[in-house]
Amino acid sequence: MAERGDLTGKVAMVTGAGAGIGRAVSLRLAERGAVPAALDIREEAAAGTAAAVAAIGGKALAVQCDVTNYASVTAAVNRVVSELGAPDILVNNAGIDIVRMFVDTDEALWRKLVDVNYIGFLAVTHATAPHMIAKKSGLIINIGSDAGRIGNPGDAVYCGTKAAVMATSKALAREFARYNIRVNCVAPGPIGDTEMGDVLYGEGLGDKIARMIPLKRLGTAEDVADVVGFFASEDAAYLTGQVLSVDGGLTMIS
Ligand code: NDP
């Protein structure tokens, strides 16, 4: 009998998979038997994740993909479909953050954040969904952020992009349910052990934030990967349109 959470043979496309949360998610899904397609803007980073998957005995495909470029996205999706098959699981994880007080931002910064975090998510979902619709099954798991639920100073535009991802996810959950496609979001709180975390919580800020978190530590990429693994499993079969914070109790949004 297959173990609970077993994902043997499932094709799992993960964006921004070359580092941090995306790499941890790729490894977690591979541990459960899935074949990750690791998409990243940096080819060598994607290849590093594929090598890490191979090192634990799994199989993965590394694909260079800039989520802000629709031609790059369709080429990546077509490659995944032809080499691995239609994705069963899509994890929209690629994202950037640029912290600056709103009055000090400019249009170029707004457009950059919206382009990667929101348009990129739309592009990958738009290019992938028809393949899931055709086989009447799929799981889409989007990495939002607690910042998009509660707001953070110095992060106004980032918060807006993440709120947009989470709102669109709910609309898509309603649209796609008829095709047996579930759409859910994971909303991490502060995650310290990633490249983004290094920038955001360096110089002692992480320790200060950890003191405000009920569980008294920053989150890890693995903490997020665990919850993505849950959403990808049959244990979450009756969940769609949900946003789950992974934040050690920092926000406790009801
Ligand atoms: P990292 O910066 O560590 O990793 C993000 C990966 O995405 C990098 O490999 C990055 O490449 C890649 N990427 C960036 N732009 C693109 C693009 N246009 N196309 C494809 N890939 C791209 O970030 P995290 O792992 O910390 O974050 C992952 C997700 O989690 C993001 O969506 C983030 O907003 C979200 N999140 C993170 C939190 C945190 O505290 N760390 C908290 C809440 C949410 P490169 O390095 O070249 O930029």
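All of the points below concern the structure found in this document.

## Considerations on the packing of aromatic side chains
Here's step 1: Under the defined criterion, the tally for this structure stands at four aromatic pairs.
Here's step 2: With a centroid separation of 6.0 Å and an interplanar angle of 15°, the aromatic rings of Phe102 and Trp110 are classed as stacked.
Here's step 3: Judged by its relative accessible area of 47%, Phe102 is partly exposed.

## Points about the environment of Pro190
Here's step 1: With respect to the element layout, Pro190 can be found in the loop between β6 (181–188) and α7 (195–200).
Here's step 2: Assessed through its relative accessible area of 10%, Pro190 is described here as buried.
Here's step 3: Once the C-alpha coordinates of Pro190 and Arg217 are considered, the two residues, 27 residues apart in sequence, prove to be 9.2 Å apart.

## Overview of the pattern of salt bridges
Pairing between side chains becomes possible if they bear opposite charge and their charged atoms approach one another.
Here's step 1: Scanning all chains against the criterion turns up nine salt bridges.
Here's step 2: Of the charged contacts in the structure, one is a salt bridge between Glu222 and Arg28, with a shortest N-O distance of 3.3 Å. Of this pair, Glu222 sits in helix α9 (residues 221–232) while Arg28 sits in helix α1 (residues 20–31); the two residues are 194 residues apart in sequence, bridging distant segments of the chain.
Here's step 3: Taking relative accessible area as the criterion, Glu222 reaches 42% and is therefore assigned partly exposed.
Here's step 4: Residue class for Arg28 comes out buried when judged on its relative accessible area of 9%.
Here's step 5: Measuring nitrogen to oxygen at the nearest pair gives 2.8 Å for the salt bridge that ties Glu107 to Arg111.

## Comments concerning the layout of surface pockets
Here's step 1: Looking at the largest pocket, its volume works out to about 1,400 Å³.
Here's step 2: In terms of lining residues, the largest pocket is bounded by 50 residues, among which Ile96, Asp97, Tyr158, Met196 and Leu200 are the most central.
Here's step 3: Mapped by element, the contributors of at least two residues to the lining of the largest pocket are α1, β2 (35–40), α4 (107–135), α5 (147–150), α6 (156–176), α7 and α8 (205–212).
Here's step 4: The dominant element in the lining of the largest pocket, judged by the number of residues it contributes, is α7, at five residues.
Here's step 5: Class assignment of the residues belonging to the lining of the largest pocket gives a composition of 27 nonpolar, 14 polar and nine charged.
Here's step 6: Its volume calculated, the second largest pocket comes out at about 330 Å³.
Here's step 7: Along the walls of the second largest pocket sit 18 residues, with Lys10, Leu139, Arg182, Ala232 and Glu234 positioned nearest its centre.
Here's step 8: Here the residues of the lining of the second largest pocket sort into five nonpolar, five polar and eight charged.

## So, the pairing of strand β5 (residues 138–143)
Here's step 1: Most of β5 is tucked away, with six of its six residues classed as buried.
Here's step 2: Alternating positions in β5 separate into two faces, Gly138, Ile140 and Asn142 on one and Leu139, Ile141 and Ile143 on the other, with burial throughout.
Here's step 3: Summarising the sheet, strand β4 (residues 89–92) and β5 pair through four bridges and their orientation is parallel. By the bridge assignment, Val91 is partnered in β5 with Ile141.
Here's step 4: Crossover β4 to β5 through α4 is right-handed.
Here's step 5: Sheet analysis places β5 next to β6, joined by six bridges and oriented parallel. Each residue of the ladder has a partner; that of Asn142, found in β6, is Cys185.

## Re α8
Here's step 1: The set of residues buried in α8 consists of Gly206, Ile209 and Ala210. Each buried residue of α8 lies within a common arc of 105° when the element is viewed along its axis, so the set occupies one face. Among the exposed residues of α8, those pointing more than 90 degrees away from its buried face are Asp207, Lys208, Arg211 and Met212.

## Considering the site of the ligand
Here's step 1: Taken together, the neighbourhood of the ligand is formed by 30 residues, with Asp40, Arg42, Asn93, Tyr158 and Thr194 sitting nearest.
Here's step 2: Within the contact set of the ligand, an oxygen atom lies 2.8 Å away from a backbone nitrogen or oxygen of Ile21.
Here's step 3: The separation between an oxygen atom of the ligand and a polar side-chain atom of Tyr201 is 2.9 Å.
Here's step 4: Within the complex, 91% of the 890 Å² of free accessible area of the ligand lies under protein.
Here's step 5: Comparing atom positions with the cavity grids shows the ligand to sit within the largest pocket.
Here's step 6: Elements supplying a minimum of two residues to the shell around the ligand: α1, α6 and α7.

Scoring rules and cut-offs
Residues numbered from 1 in each chain as written. Predicted model: local features only at pLDDT ≥ 70, side-chain atom pairs only at ≥ 80, totals over all residues. Heavy atoms only, no water. Phe/Tyr/Trp six-rings, centres within 6.5 Å; stacked < 30°, edge-to-face > 60°. Buried < 20%, exposed > 50% of the residue type's maximum accessible area, 1.4 Å probe, protein only. Helix = DSSP H or I, 4+ residues; strand = E, 2+ residues; numbered from the N terminus. Salt bridge = Lys/Arg side-chain N within 4 Å of Asp/Glu carboxyl O. 1 Å grid on protein atoms, 1.4 Å probe; cavity = no way out; pocket = protein on both sides within 12 Å on 5 of 7 lines; lining within 4 Å. Points joined across faces, edges and corners; volume = space filled by probe spheres on them. Nonpolar A, V, L, I, M, F, W, Y, C, P; charged D, E, K, R; others polar. Pairing = 2+ DSSP bridges. Right-handed = clockwise from strand over helix to strand, strands pointing away. Arc of directions from axis to C-beta. Near = heavy atom within 4 Å. Polar contact = N/O pair within 3.5 Å; in protein donor to acceptor, adjacent residues only side chain to side chain. Areas by Shrake-Rupley, 256 points an atom, 1.4 Å probe, with all protein chains shown as cover. Sits in = over half its atoms within 2 Å of the grid points.

Purely geometric numbers; function is a separate question.
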